[in-house]
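# Residue-level structural notes
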Amino acid sequence: LVIHTLVYHRDSTQKPPKVDKPFPDNIAVVFAPLDDDFSKPLDHANNLESLEHLRGWTKICKVWTWSYPAVYTKPSTVYAGLARTAADVRIGVECGLDGSYHEHDVGTDAGWNFADMQTWMLTQHFRFPNRDWRELRKEFCDFYYGAASDMIIAYEQYIEDNLAAMNYYLTFLARPDGYIKPKDIIRLQGDFDKMERLVGGDPLYVQRLREVRSGLDLLTLVNWKDIMRAGL
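First things first, this report covers the structure right here in the doc. Given the structure is predicted, the values throughout are model-derived calculations rather than measurements. (Residues numbered from 1 in each chain as written. Predicted model: local features only at pLDDT ≥ 70, side-chain atom pairs only at ≥ 80, totals over all residues. Heavy atoms only, no water.)

## Observations regarding the overall build of the protein chain
Regarding its fold elements, the protein chain presents nine helices and four strands. Ordering the α and β elements of the protein chain from the N terminus gives β-α-β-α-β-α-β-α-α-α-α-α-α. For the protein chain, the C-alpha radius of gyration of 20 Å lies close to 17 Å, the compact-globule estimate for 232 residues. For the protein chain, the C-alpha atoms occupy an extent of roughly 65 × 35 × 25 Å along the three principal directions. (Helix = DSSP H or I, 4+ residues; strand = E, 2+ residues; numbered from the N terminus. Rg over C-alpha atoms; globule rule 2.2 N^0.38 Å.)

And the structure:
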């Protein structure tokens with residue numbers, strides 16, 4: 001029997017204690033870095049304090065992580081965390097983690113955050129943590145989106161690039177809507193129209209595309225005034 005206990009927040013239990021000897025083998029901490037910048041991986045400058053704490057814990061006891069592939073936010077937040085999650089799994093393996101929990105929503109109502117692709121990619125990361133996440137993305141999209149694969153990859157990469165370029169700290173409760181401009185919202189809507197034509201109206205592919213598109217649709221409604229003012 002191993003007892004798991006959560007450690008949270010940089011100014012609280014996340015920081016490992018100074019001890020004379022390691023914890024007993026039946027104790028494991030579950031490291032949940034809630035205070036991190038969720039647009040960047042663990043080894044980014046914004047998150048190095050958490051990485052230092054994680055390494056400290058692995059020296060004194062068994063450690064699991066409680067990771068958040070997505071942010072807890074409203075449906076109109078278009079978000080992708082594939083690159084960050086891939087990096088954090090690799091870093092965790094290098095740190096010597098004993099296991100991991102990954103908390104993220106799956107299903108139709110969460111499709112805007114690529115939940116289905118994230119679920120599959122996580123299973124691959126655990127088996128092959130050093131495999132290029134872009135190869136995994138390509139493998140999944142070719143199967144899951146058919147002829148629209150290249151365009152859905154371009155959409156996901158657009159979001160990744162915008163998240164990486166953020167100049168503010170993205171908390172797990174953030175609302176990062178403003179980084180997609182009205183002109184890009186309209187352009188991306190046009191891209192999804194093209195994707196549906198590319199798959200020839202196949203109901204399975206169309207359903208999958210519309211699940212991902214749902215976040216963009218909600219974002220369009222939220223920003224409709226700015227879109228109208230811009231004459232788009």
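## Things to note about the packing of aromatic side chains
As enumerated under the stated definition, the model contains twelve aromatic pairs in all. Judged by centre distance (6.2 Å) and plane angle (35 degrees), the rings of Phe38 and Phe172 are tilted. Of the two residues, Phe38 is situated in the loop between strand E2 (27–32) and helix H2 (48–58) and Phe172 in the loop between helix H6 (149–164) and helix H7 (182–198); the sequence distance between them amounts to 134 residues. For the pair Phe38 and Phe172, one class covers both residues: buried. Grouped by ring-pair contacts, the aromatic residues Trp120, Phe140, Tyr144 and Tyr145 constitute a single cluster. Directly above the ring of Tyr158 sits Arg187, whose terminal nitrogen or CZ lies 5.3 Å from the centroid. Sitting above the plane of the Tyr144 ring, Arg208 keeps its charged end 4.0 Å from the centroid. (Phe/Tyr/Trp six-rings, centres within 6.5 Å; stacked < 30°, edge-to-face > 60°. Buried < 20%, exposed > 50% of the residue type's maximum accessible area, 1.4 Å probe, protein only. Lys NZ or Arg CZ within 6 Å of the ring centre and 35° of its normal.)

## As for helix H5 (residues 133–145)
Note: α-helices contain 3.6 residues per turn, so residues at a spacing of three or four share the same orientation. When the terminal C-alpha atoms of H5 are compared, their 17 Å separation across 13 residues agrees well with the 18 Å that a helix rising 1.5 Å per residue should span. Listing the buried residues of H5 in full gives Trp133, Leu136, Arg137, Phe140, Cys141, Tyr144 and Tyr145. Projection of H5 onto a plane perpendicular to its axis shows the buried side chains occupying an angular sector of 125 degrees, all on one side. Contact partners of the buried residues in H5: helix H3 (82–95), helix H4 (115–127), H6 and helix H8 (203–222). Near the N-terminus of H5, the side chain that reaches the backbone nitrogen of Arg134, with its oxygen 2.8 Å away, is that of Asp132. Just past H5, the residue Gly146 takes up positive phi, approximately 55 degrees. (Expected span 1.5 Å × (residues − 1). Arc of directions from axis to C-beta. Contact = heavy atoms within 4.5 Å. Polar contact = N/O pair within 3.5 Å; in protein donor to acceptor, adjacent residues only side chain to side chain.)

These values are about where atoms sit, not about what they do.
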